[in-house]
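# Architecture and fold: a report
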Amino acid sequence: KELEIGYGYDSSGHSGSATDKVNTPTLWVKSCQTISVQGKCILQLYCEGLWTRLREQKVITGISGNQIKTQADKDDTGEYPYSNIFNRTKTPYGLMELIIEGAMGWTLENTPPNDGIIGTYLPVFEVSQSGSYESAATLLYSLVWMTKEFLRPKASKTFQCVYPQDSDAVDETYYSYQQPYFLEHNERYSLLIPNSIVVLCNQDPTGEWNTAAYPLIVGTAKDQAQIDKYAERIEIYVAGSIDNQTDANKRAATILSKLKSEILGARVLLPFHDCRVELYDKVEVQDKRGH
């Protein structure tokens, strides 16, 4: 069965609605277990969500390179279409849309925030070139890493592009000295390693590097504040299909932004369930303990 958990109120006893609620992202029951003990019988459901479905679904491209299909689609000969390369024909958002809406039949919200990449950059994007069909999740993951954005699952089998920034407004705040209280807050801040990113670009189609026709282009991005705290630690990535300095630097900055998003980790324990909190929300904790 397919289901969505809804959080809200049954206010039908007070002239309201029995379904005054907001639904969480779609789930599917993958297994169920019946537990019988004295005085009760419990049915336990094991459910998985949208990303699990994406990992299970293999995708293939139409021979024209302008569409994406599923394993269930075959060409006129009864065989699966060949793998393909999208040669700078669609943006990362356009390719995400093909996978989520074309292959899965779901919805991708059509107003992605502007990170300067997702709606303008035209990559060379290869699908199933290694001899085996790739999953929808694998393809989406590689597209997300081309941008500064993330994908947030929503209700009704919908995905939303999210671009977290330091300037974003706080979504929820919890306090040690007033409501809404938190019981416990643990926070860990780690050094950013690597803190300097180098991306090698403009590879010759023959597989060689730095030829006369395809001179090496190097994209760079670094966090000097993190370097000053420790030492410069460089990581090298390859994006051979990028053919200009602007996109090379954008790819380096994108990789660095993804790594920086992981240096702060925290856990907040609340005395209640806050159903407002969504993935990639910005949460603030105000703590006066010990002062």
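Keep in mind the model is a prediction, meaning the values are calculated, not measured.

## Considering the packing of aromatic side chains
Evaluated as defined, the whole model comprises seven aromatic pairs. Pairing Trp106 with Phe159 gives two aromatic rings, centres 6.3 Å apart and planes at 20°, and the pair type is stacked. With Trp106 in the loop between α2 (92-103) and β9 (107-108) and Phe159 in strand β13 (residues 158-162), this residue pair connects regions lying 53 residues apart in the sequence. Accessibility classification places Trp106 together with Phe159 in one group, the buried group. Ring geometry for Tyr175 versus Tyr177: centroids 5.5 Å apart, planes at 70°, classification edge-to-face. For Tyr177, a relative accessible area of 31% translates into the label partly exposed. Three or more aromatic residues joined by ring pairs form one cluster here, namely Trp28, Trp51, Trp106 and Phe159. Across from the ring centre of Phe150, 4.6 Å away, lies the NZ or CZ of Lys258, which sits over that ring. One Lys or Arg, Lys288, reaches over the ring of Tyr177 and ends 4.4 Å from the middle of that ring.

## Section: the state of the cysteines
Enumeration according to the criterion identifies zero disulfides in this entry. In this model Cys32 remains outside any disulfide bridge; the closest cysteine sulfur is found in Cys47, 9.6 Å from its own. Among the residues examined, Cys32 registers a relative accessible area of 54% and is labelled exposed. Classification of Cys47 by relative accessible area gives partly exposed; the value is 25%.

## Observations regarding the side chain of Ser135
For Ser135, the position within the fold is in strand β11 (residues 134-135). Polar contacts involving the side chain of Ser135 include one to the side chain of Thr138, which spans 2.9 Å. In this view, Ser135 contacts Leu54, Arg55, Gln57, Lys58 and Val59; residues no more than four positions away in its chain are not counted.

## Regarding unusual backbone geometry
Here the bond from Gln179 into Pro180 is cis, since omega is -10°, no more than 30 degrees from zero. Put simply, Ile193 and Pro194 share a cis peptide bond, and its omega is 5°. Mapped onto the elements, Pro194 comes out in the loop between β15 (184-189) and β16 (196-201). In the Ramachandran plot, Arg88 falls in the positive-phi region, its phi being about 55° despite a non-glycine side chain. Position of Arg88 among the secondary structure elements: in the loop between β8 (84-87) and α2. By relative accessible area, Arg88 is classed as partly exposed at 32%. Its identity as a non-glycine residue notwithstanding, Asn202 has a phi of 70°, on the positive side. Secondary-structure assignment places Asn202 in the loop between β16 and β17 (217-222). By relative accessible area, which is 9% here, Asn202 ends up buried.

## Side note on the sheet that holds β17
Ordered by their spatial adjacency, three strands build an open sheet running β17-β16-β18, and the pairing between neighbours is mixed. Lying at the two open borders of the sheet, with one neighbouring strand each, are β17 and β18 (234-239). Sheet twist, expressed as the average angle between the axes of neighbouring strands with direction ignored, equals 20°. Here six bridges tie β16 to β18, and the two strands are oriented parallel to one another. Bridge pairing in β18 places Leu200 opposite Val238. Contacting β16, β17 and β18, helix α5 (residues 245-260) runs over the sheet at an angle of about 35° to β17.

## Notes on the sheet that holds strand β12 (residues 150-154)
Here we have three strands laid out as an open sheet, ordered β9-β13-β12, and mixed in their pairing. What marks the edges here is a single partner per strand, and that holds for β9 and β12. Strand direction decides the pairing type here: β9 and β13, joined by two bridges, are parallel. Paired with Thr107 across the bridge in β13 is Thr158.

The rules we used
Residues numbered from 1 in each chain as written. Predicted model: local features only at pLDDT ≥ 70, side-chain atom pairs only at ≥ 80, totals over all residues. Heavy atoms only, no water. Phe/Tyr/Trp six-rings, centres within 6.5 Å; stacked < 30°, edge-to-face > 60°. Helix = DSSP H or I, 4+ residues; strand = E, 2+ residues; numbered from the N terminus. Buried < 20%, exposed > 50% of the residue type's maximum accessible area, 1.4 Å probe, protein only. Lys NZ or Arg CZ within 6 Å of the ring centre and 35° of its normal. Disulfide = S-S within 2.5 Å. Polar contact = N/O pair within 3.5 Å; in protein donor to acceptor, adjacent residues only side chain to side chain. Contact = heavy atoms within 4.5 Å. Pairing = 2+ DSSP bridges. Axes fitted to C-alpha atoms, helices over the stretch in contact; angles between N-to-C directions.

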